[in-house]
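# Examination of the molecular architecture
Listed below are the residues making up each chain.
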Amino acid sequence: MARAGTGALRVETHSIDRIPDEERHGSPRGLFAVWFGANLQLTTVVTGALAPSLGLSIPWALLAIILGNLFGAVFMALHSAQGPRLGIPQMIQSRAQFGFYGAILPLLLVILMYVGFFASSGILAGEALAEPSSLSPDLSIAIVAVVCVVVTIFGYRLIHLLERTSSVLSAIAFCFLTVLILSSSNLGAVWHVGPFHGGKFLLMVAIAATWQISYAPYVADYSRYLPTRTSIASCFWWTYAGSVVASVWMMAFGALAVAIAPKALDQGLTAHLVGLAPSAVRWPLALAFVLGVIAVNVLNLYGAFMSFTTTATAIKPFAVSRGTRIVTLLVVGVAGTAVAIAGRLSFVTSYTDFILFLTYFLIPWTSINLVDFYFIRRERYDISAIFRPDGRYGAIAWRAVVPYLLGVAVEVPFTSTSFYTGPMVSHLGGADISWILGLIVSAGAYYLMMKPSLATESITMAGGPVLEDDSGRLR
């Protein structure tokens, strides 16, 4: 953000362009609050609540939640470390792997992801706002969406301020509810190991891991203002800690809440949680829930804006003005709100399928991006070429597109959703291991296809990161 607009209530002036060194600020410690606050909310709770609904006992559910988050957060935190090095949004950096136009493929899928998560979270926020008030759920969804759009228009600084505030208030609310859940007289009845269902266990691991990986397409957007010399390790660990601690807590909380009250998920988990509290604190509790969802939905809107702008400027170059920012956010906000209202009554089934759908397309992208950054080009990129179709990264880089499509294709026989089950799933006891195969195959294929160019890359990019200054000159 320009020096003239350092306040949180000034509209951000940067979009997909590189953040100049003189405008870098902040500490990686701030990333903890961003990702702690983003995960300390109802959508994370619902994700964990899927574990007992799949038929897992609480001990196995908690183990799957912990393993999935520990594994998945590795990828999102590695993406976070890219922000200070490159100073550009996460998805535009994909042009270095997929090419100027080739990056549109993952970009379009990511935009769908943002709309889907915005809608899913919006449903829960609408229920939280409607529960203690006389507002209808649909109107409540719309009100929350308007607030999200307004916050996102201001951008980076206000979003960071919101995440810090939300992390504190949400932590207080969920500490209170966690005590209520743990002191429940029914807790002992559900705390038993029970039989081990390998397929269901791996499915829950995949859901928890995908929750973390779904942040990968925009996690660097919130670290790109940090000073260039910020260490990769500090970015990684502050991001990883904030996301894992909050996610494991919320998912474990959700699993326990539904195990104790099995009908809560189908009948409205938000209303159930608000109803646990004494009447005097239900309004503050509901507002904390709403704030938590707003905290994550502004991230979804911000990422959608970045991805849409990256796609649109590739098709037809134009200057990204304040008006462009407002119109884009309004369009995405309206689309997400419409999806939320339309899908509100079939939320649980739709949400489960949506989470799994993300796995099949995000895993190949994230593995290719990380292999490229850490093992192929090793943090050295020509930033100016990322913004040119005739640059060194080309228009369409088939060396990334082919491994990406191959990774998706390998996943298909092993997928398990309500609308399609691959032929290999039954041989694995119902387990969905598609995401593991997609990760390995796409990463391996990309590395092998890029290996012949390693010598050339190491020569032309020797000496560290290749960046451009505001005049467009390489330095």
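This text follows the structure it describes.
Quick summary incoming for the structure in this document. Per chain, residues are indexed from 1 in the order of the written sequence. Since the coordinates come from a predicted model, pLDDT governs what is reported: local features require at least 70, and pairs of side-chain atoms require 80 or more to be given and counted, while whole-chain, interface and lining totals use all residues. Heavy atoms throughout the structure, all of them, feed into the side-chain values; hydrogens and water do not.

### Some points on helix α13 (residues 269–276)
Filter applied, for reference: The buried label applies to any residue whose accessible area, calculated with a 1.4 Å probe on protein chains only, is under 20% of its type's maximum; exposed applies above 50%, and partly exposed to all values in between. Strands here mean DSSP runs of E at least two residues long; helices mean DSSP runs of H or I at least four residues long; both are numbered from the N terminus. By construction, the arc corresponds to the directions joining the helix axis to the C-beta atoms. Whether two residues are in contact is decided by their heavy atoms, any of which lying within 4.5 Å being enough.
Along α13, the positions that sit buried rather than exposed are L269, T270, L273 and V274. Buried residues along α13 cover an arc of 135 degrees about the axis, so they all sit on one side. Its buried side turned inward, α13 meets α2 (42–54), α6 (104–130), α8 (156–182), α11 (232–260), α12 (264–267) and α14 (282–315).

### Brief notes about the nonpolar core
Here is the rule: Residues grouped as a nonpolar core are buried Ala, Val, Leu, Ile, Met, Phe, Trp, Tyr and Cys residues, joined through side-chain atoms within 4.5 Å.
In terms of nonpolar packing, the biggest core is built from 146 residues, with W35, M113, F174, L269, L273 and F289 touching the most fellow members. Sort the elements by how many residues they give to this core and α11 lands first, with 17 residues. Discounting residues that sit within four places of it in the chain, F174 has contacts with L40, Q41, L42, V45, W249, M250, F253 and F289.

### A look at the pattern of salt bridges
A side chain with one charge can pair with a side chain of the opposite charge if their charged atoms come near. For clarity, the threshold we go by: Every case where a carboxyl oxygen of Asp or Glu lies within 4 Å of a side-chain nitrogen of Lys or Arg is listed as a salt bridge.
Inspection of the entire model under this criterion finds five salt bridges. Note that R85 is salt-bridged to E379, the shortest N-O span being 2.7 Å. Taken together, the residues R85 in helix α4 (residues 82–86) and E379 in the loop between α16 (347–376) and α17 (383–386) connect sequence positions 294 residues apart. Between R392 and D382 there is a salt bridge whose closest N-O contact spans 3.4 Å. Of this pair, R392 sits in the loop between α17 and α18 (398–411) while D382 sits in the loop between α16 and α17, and the two are 10 residues apart along the sequence. Looking at R392, the relative accessible area reads 39%, which means it is partly exposed.

### Let's talk about the environment of A264
Structurally, A264 can be placed in helix α12. Along the sequence, A264 and A49 sit 215 residues apart, while their C-alpha atoms lie 9.5 Å from each other.

### Quick notes on the side chain of R325
For R325, the location among the structural elements is in helix α15 (residues 322–343). The class of R325 is buried, set by a relative accessible area of 3%. Ignoring sequence-local partners within four residues, the contact set of R325 consists of V11, E12, H14, T152, I153, F154, G155, Y302 and F305.

### Some remarks on the packing of α2 against helix α10 (residues 198–213)
The criterion, for reference: Geometry is summarised by axes, namely lines fitted to C-alpha atoms with helices restricted to the contacting stretch, and by angles between N-to-C directions that run from 0 to 180 degrees. Oblique is the label for any angle not under 35 degrees, not over 145, and not in the 65 to 115 range, which are roughly parallel, roughly antiparallel and roughly perpendicular in turn. Only Asp, Glu, Lys and Arg are considered charged in this grouping, and only Ala, Val, Leu, Ile, Met, Phe, Trp, Tyr, Cys and Pro are considered nonpolar; every other residue, Gly among them, is considered polar.
Running from N to C, α2 and α10 cross one another at 175 degrees; their axes reach a closest spacing of 10 Å. Taken together, α2 and α10 sit at an angle that is classed as roughly antiparallel. Between α2 and α10, the residues in contact are T43, T44, T47, G48, L50, A51 and L54 and K200, L203, M204, I207 and W211, respectively. Tallied by class, the residues present in the contact of α2 with α10 amount to seven nonpolar, four polar and one charged.

### Details of the environment of T43
Condition: Think of a polar contact as two N or O atoms within 3.5 Å of one another; within protein, one of them needs to be a possible hydrogen donor and the other a possible acceptor, and neighboring residues in sequence only count if both atoms come from side chains.
As for its placement among the helices and strands, T43 is situated in helix α2. C-alpha of T43 to C-alpha of V146: the two residues are 103 residues apart in sequence and 19 Å apart in space. What T43 contacts, discounting residues up to four positions off in sequence, is S121, L124, W211 and Y351. Within polar-contact distance, the side chain of T43 engages the side chain of Q41 at 2.8 Å. At a separation of 2.8 Å, a polar atom in the side chain of T43 contacts the side chain of S121.

### Observations concerning the packing of aromatic side chains
We count it as follows: What counts as a ring pair is set by centres within 6.5 Å for rings of Phe, Tyr and Trp (its six-membered ring), and what kind of pair is set by the plane angle: stacked under 30 degrees, edge-to-face over 60, tilted for all other angles. Our definition puts a charge over a ring when NZ of Lys or CZ of Arg is within 6 Å of the ring centre and also within 35 degrees of the ring normal.
What the rule picks out here adds up to 27 aromatic pairs. On the basis of an interplanar angle of 85 degrees and a centroid distance of 5.1 Å, the ring pair of F100 and Y101 is categorised as edge-to-face. When the ring of Y381 is compared with that of Y393, the centres are 6.5 Å apart and the planes differ by 45 degrees; the resulting orientation is tilted. Linking Y381 in the loop between α16 and α17 with Y393 in the loop between α17 and α18, this pair joins segments that are 12 residues apart in sequence. Y393 matches Y381 in its accessibility class, with the two residues each being buried. Members of the aromatic cluster, each reached through a chain of ring pairs, are W35, Y114, F117, W211, Y215, Y218, Y222 and Y302. Stacked on the ring of F100, the Lys or Arg R95 has its end atom at 4.2 Å from the ring centre.

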